[in-house]
Amino acid sequence: MLGATNIVHAEAITIGIGHQSMCTDTYAAGIIVKELKLLEKHLPRSGKYVDVTYNLKWDDYASGGPITNQMLAGKLDIGVMGDYPVIVNGAKFQATKSLNTSLVSSTGYNLRGAGNAIVVPASSNVYSLAQLKGRSISTPYGSAAWGMLIKALEDAHISLSDVDLKNQAPSVGAANIATGKIDAHADFCPWSEIMEYRGTGRKIYDGSQTGVPYLHGVVVRKDFVDKYPEIIVAFIKAIHDAGEWLKKDPALAAAQMEKWTGVEKEVLYLYYSRGGHLTVDPTLKPQWIETLEFDHGVLARADLSPPLDFKEWVDDRYVKKAYAELGLDYAAQSKEIVDPLIANRDLPNEIWHAKDGILSYPTTAAFLKAAADFQATGVKINAAYVYDHDTGLKLFGTTAFYVRNKDGSYTAFLRKDPAETYAAKTGGEVSTFTEAIARQAI
Amino acid sequence: MIAQTVRAHWSLLVLTSAGLVVVYYGAQIAVLYFRLGHLPNYITAYDYPANVARIIRSTPAVSDMIPIILNEWIFEIGYMDYDYGHGIAEWTMGIPPSKLLMIAIASVLISVNALLWRTARHSCFHLERRSLVGMTGLGAVTVGLVSISLSWVVCCGTPTWIVGLALLGLDVGLAFALEPFGVWIVSVGFIILAMSTLRFASHNLTVQSAVRRTGLLPEIA
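Counting from 1, residues in each chain are numbered in the order their sequence is written. Each chain takes a letter, starting from A, and each ligand takes a number, starting from 1, following the order in which they are written. The predicted origin of the model limits local features to residues at a pLDDT of at least 70 and limits the giving and counting of side-chain atom pairs to 80 or more, whereas totals for whole chains, interfaces and linings rest on all residues. Where side-chain values are given, they derive from all heavy atoms of the structure, hydrogens and water being excluded.

Colleague: Talk me through the overall build of chain A; I want residue IDs and the actual numbers.
Modeller: Secondary structure elements follow DSSP: runs of H or I of four or more residues count as helices, runs of E of two or more count as strands, with numbering from the N terminus. When helices and strands are tallied, chain A shows 19 helices and 18 strands. For 442 residues, the compact-globule formula gives about 22 Å, and the C-alpha radius of gyration of chain A, at 22 Å, lands near that figure. Seen through its principal axes, chain A has C-alpha atoms that stretch 75 × 50 × 35 Å. Three labels apply to residues, based on accessible area from a 1.4 Å probe with only protein chains included: buried if under 20% of the type maximum, exposed if over 50%, partly exposed otherwise in between. Expressed as a percentage of its 442 residues, the buried residues of chain A come to 62%. Within chain A, counting contacts between residues at least 6 apart in sequence, those at least 24 apart form 75% of the total. Put simply, the radius of gyration uses C-alpha atoms, and a globule should come to 2.2 Å times the residue count raised to 0.38. By definition in these notes, contact holds between two residues if any of their heavy atoms fall within 4.5 Å.

Encoded structure:
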């Protein structure tokens, strides 16, 4: 496979890469690789690539659909996108007579499907999916968030005719949530968290409740990868390096990415910190292929995707080659799956202090006490993070619900209903963040 | 009759056709303004010939090449929302020459019909003239709807006329159900427009020969 013998001496190779600076989960193969020039570091410069001049063309898009269109038009060779658009990419190319793409790498995942969510206006009295019956919900039609919404409604035995489903772009949905013009909006990362961070929205449903993993991937035009396989291997090595950079200092990485993307660092930290929503991992795990097959079924049922031959489309040879050249164990890595419920069990809660940076607290009670103290003294905190008891997901402390247990300890929850169920079981008391820190101040 | 009308009023025809094209795209922006509350704040021109040349070079099969070329834009007008990130395109109106051509042809047919209607307005066939005006309107609306070229952030490369219908307030499910019939709908639109043009022309011929025969307008004859 990698033995192509094209003579490319003295050639100028243009590499068109489509990425999304407003879709967090793509950063490890997009904005980070671009800004840190990680691809340049790994591009082949020996053998048949001696004297080659590389011309890297990075194009930023708001979603995956246009990236696919630009790949079809030959303007882009590589595309980075979420699970649903990536499927449509493969299917659209396979529907042609002469063109094809290959899924060559993942960028990252959340095993439980966090990243997509349904948000209501912060002041809404809606706390559960069941309460959305007869109300209006908007979503970018055909996106991963739309797929999650369809599955969530199905699971809750709510028919599509029971809700007023509207097709809305993320920025329109977010603006409508802020002004209360829509009852709920389902969106992909990082829109729900942006709304929560800005205090305009509150999650009532997280993608993790569907139990379907949420992942992003890298697709490459087949003619490009056949001609320059070494470049794709270099690209995957760059994704790996991006992951290492993120792990090294997540707070610094978040601040840096804020400059590049304009997305608030506190939102990005929720994704990329230890215990965050996203596990950066380029390996193409068998479970991910099963997930993509499931997602394709959802799209096909809605007539939103042509058939897709996964065996022909998924090609893990390049990611394996990249791992081998980096001296890493692909087999071991591809077996490793991070489950937030287990991995985040003992992680400390955090407060992002405006001056002192990230501060850790071993218990939720200590975290709330510190938050109360900061509030009392007027100290500015950028954000606060706790973990959902049921899923292990990292949450903004300000939007979580807290159960004060009989022994004085606290348990954090993403949603009100499970908090109430837990409180009823344990004899605890449910409170919001404001109520909980008020109690600490007494 | 059609050639005669075109020859007699070619400058008016060009002017009204061009005006209709401008009105058509202006109407799309107006719809977006009333639905979403923003006027466009950016415009991008594309190197269409270079892009088409690239598509031809990079697409081996001609049958694949054609639909990709038909989707290629020459202009993009849109609204960029700077409240999020470094800005995100909230909506865009892409203008592919293929759709521009369709709208231009439809506009010419509508203009020809208007000129023919003007010539026939003194005749007695009020009912027929009214139905022909109706046919022209129906054909124009049909072609116009399928030629809408709006898009916004959706992840599956939704055909732009479907997005347009959804923006106009059509139920999302219904809009998607209509998608496979796009080619048929636009074809029917053009057939209706062309038929109304031919019918107007034959009607005017009848009027003309009656005038020639009797020296009077038909209602008097």
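Still more to cover.
Colleague: An account of the sheet that holds strand 16 (residues 401–404) of chain A is requested, with residue identities and associated values reported.
Modeller: All names here are of chain A. Strands pair, by our definition, only if DSSP identifies at least two bridges between them. The 3 strands lie next to each other as 17-16-18, forming an open sheet whose pairing is antiparallel. Because the sheet does not close on itself, it has two edges, and the strands there are strand 17 (410–413) and strand 18 (429–432). Pairwise comparison of adjacent strand axes, ignoring direction, gives a mean angle of 30 degrees for this sheet. As defined by bridge partners, strand 16 adjoins strand 17 across 4 bridges and the pair is classed as antiparallel. The residue bridging Val403 from the neighbouring strand is Thr411, located in strand 17. Interaxial angle, 0 to 180 degrees, is taken between N-to-C directions of lines fitted to C-alpha atoms, where a helix line uses only the stretch in contact. Each of strand 16, strand 17 and strand 18 touches helix 18 (residues 416–426); the most contacted strand, strand 16, lies at about 5 degrees to it.

Colleague: Give a detailed account of the sheet that holds strand 2 (residues 53–60) of chain A, specifying residues and quantitative values.
Modeller: Residue and element names in this part refer to chain A. Overall, mixed pairing links the 6 strands, which are arranged 2-1-3-10-4-11 in an open sheet. The sheet is open, and its two edges are formed by strand 2 and strand 11 (279–280), each paired on a single side. The sheet contact formed by strand 3 (residues 78–82) and strand 10 (residues 214–221) spans 5 bridges and is antiparallel. Bridged to Gly79 within strand 10 is Val219.

Colleague: Break down the interface of chain B and chain A for me, citing the residues and quoting the values.
Modeller: In this assembly, 28 residues from chain B lie in contact with 44 residues from chain A. By definition here, a salt bridge exists when the distance from a side-chain nitrogen of Lys or Arg to a carboxyl oxygen of Asp or Glu is within 4 Å. At the boundary of chain B and chain A, one finds 1 salt bridge. Of the charged contacts in the structure, one is a salt bridge between B:Glu72 and A:Lys75, with a shortest N-O distance of 2.5 Å. In protein, a polar contact means a hydrogen-donor-capable atom and an acceptor-capable atom, both N or O and within 3.5 Å, with residues adjacent in sequence counting only if both atoms are side-chain atoms; elsewhere, any N or O pair within 3.5 Å suffices. Put simply, chain B and chain A have 10 residue pairs in polar contact (both at pLDDT 80 or more) between them. If you list the elements that add at least two residues to the side of chain B that touches chain A, you get helix 3 (48–58), helix 4 (62–70), strand 3 (88–95) and helix 8 (172–178) of chain B. Counting residues per element, the side of chain B that touches chain A draws most heavily on helix 3 of chain B, at 4 residues. Side-chain classes are defined by residue name, with Ala, Val, Leu, Ile, Met, Phe, Trp, Tyr, Cys and Pro counting as nonpolar, Asp, Glu, Lys and Arg as charged, and the others, Gly among them, as polar. Residues belonging to the side of chain B that touches chain A are distributed by class as follows: 14 nonpolar, 8 polar and 6 charged.

Colleague: Account for the packing of aromatic side chains, with residues named and values stated.
Modeller: Residues and elements named next belong to chain A. Stacked, tilted and edge-to-face are the three classes applied to pairs of Phe, Tyr and Trp rings, where Trp contributes its six-membered ring and a pair requires centres within 6.5 Å; stacked means planes under 30 degrees apart, edge-to-face means over 60, and tilted covers the rest. Enumeration according to the criterion identifies 18 aromatic pairs over all chains in this entry. Members of the aromatic cluster, connected to one another through ring pairs, are Tyr197, Tyr269, Trp352, Tyr385 and Phe396. The rule for a charge over a ring is simple: NZ of Lys or CZ of Arg within 6 Å of the ring centre, and within 35 degrees of the ring normal. One residue, Lys394, lies across the ring of Tyr385, its end atom 5.5 Å from the ring centre.

Colleague: Could you give me a rundown of the pattern of salt bridges, with the residues and numbers involved?
Modeller: All names here are of chain A. Under the definition given, this model contains 23 salt bridges over all chains. A salt bridge links Lys41 to Asp241; its shortest N-O distance comes to 2.7 Å. Here Lys41, found in helix 2 (residues 38–42), pairs with Asp241, found in helix 9 (residues 229–248); they are 200 residues apart in sequence, far enough to count as distant. Judged by its relative accessible area of 14%, Asp241 falls in the buried class. Here Glu193 ties to Lys203 by a salt bridge, and the two come within 2.7 Å at their closest N and O atoms. Within this pair, whereas Glu193 is found in helix 7 (residues 191–197), its partner Lys203 is found in strand 9 (residues 201–206), the two being separated by 10 residues in sequence. Residue Glu193 shares its accessibility class with Lys203, and that shared class is buried. Each of Glu193, Lys203 and Asp206 takes part in a single network of salt bridges with overlapping partners.

Colleague: Describe the packing of helix 4 (residues 83–94) of chain A against helix 12 (residues 286–301) of chain A, naming the residues involved and giving the relevant values.
Modeller: Residue and element names in this part refer to chain A. The N-to-C vectors of helix 4 and helix 12 enclose an angle of 80 degrees; their axes lie 10 Å apart at closest approach. Taken as axis vectors, helix 4 and helix 12 run roughly perpendicular relative to one another. Contacts between helix 4 and helix 12 pair Asp83, Tyr84, Val86, Ile87 and Val88 from the former with Leu292, Asp295, His296, Val298 and Leu299 from the latter. Any angle from 65 to 115 degrees is called roughly perpendicular, while one under 35 is roughly parallel, one over 145 is roughly antiparallel, and all others are oblique.

Colleague: How would you sum up the confidence of the model for chain A? Please name residues and give values.
Modeller: Looking at chain A as a whole, the pLDDT averages 92, with 97% of positions reaching at least 70. Scored between 0 and 100, pLDDT is the confidence that the predictor attaches to each residue. Predicted confidence is poor over residues 1–5 of chain A, with pLDDT under 50, and the contacts of this stretch with residues over four places away or in other chains come to 14 contacts.

Colleague: Outline the environment of B:Pro97, listing residues and values.
Modeller: Residues and elements named next belong to chain B. Its location among the elements puts Pro97 in helix 5 (residues 97–120). C-alpha of Pro97 to C-alpha of Phe75: the two residues are 22 residues apart in sequence and 9.0 Å apart in space. Excluding its chain neighbours within four sequence positions, the residues that come into contact with Pro97 are Tyr48, Glu72, Trp73 and Ile74.

Colleague: Pulling in residues and values, what's your account of the side chain of A:Glu350?
Modeller: Residues and elements named next belong to chain A. Assignment of secondary structure puts Glu350 in strand 12 (residues 349–353). At 3.0 Å, the side chain of Glu350 and the side chain of Tyr269 are in polar contact. Once residues lying within four places of it in the same chain are set aside, the contact partners of Glu350 are Tyr269, Ile358, Leu359, Ser360, Phe367, Ala383, Ala384, Tyr385 and Lys394.

Colleague: Any details on the packing of helix 9 of chain A against helix 10 (residues 250–261) of chain A? Residues and values, ideally.
Modeller: Look at helix 9 of chain A against helix 10 of chain A: their axes get within 5 Å of each other, and the N-to-C directions meet at 115 degrees. In this structure, helix 9 of chain A contributes A:Trp245, A:Leu246, A:Lys247 and A:Lys248 to the contact, and helix 10 of chain A contributes A:Pro250, A:Ala253, A:Gln256, A:Met257 and A:Trp260.

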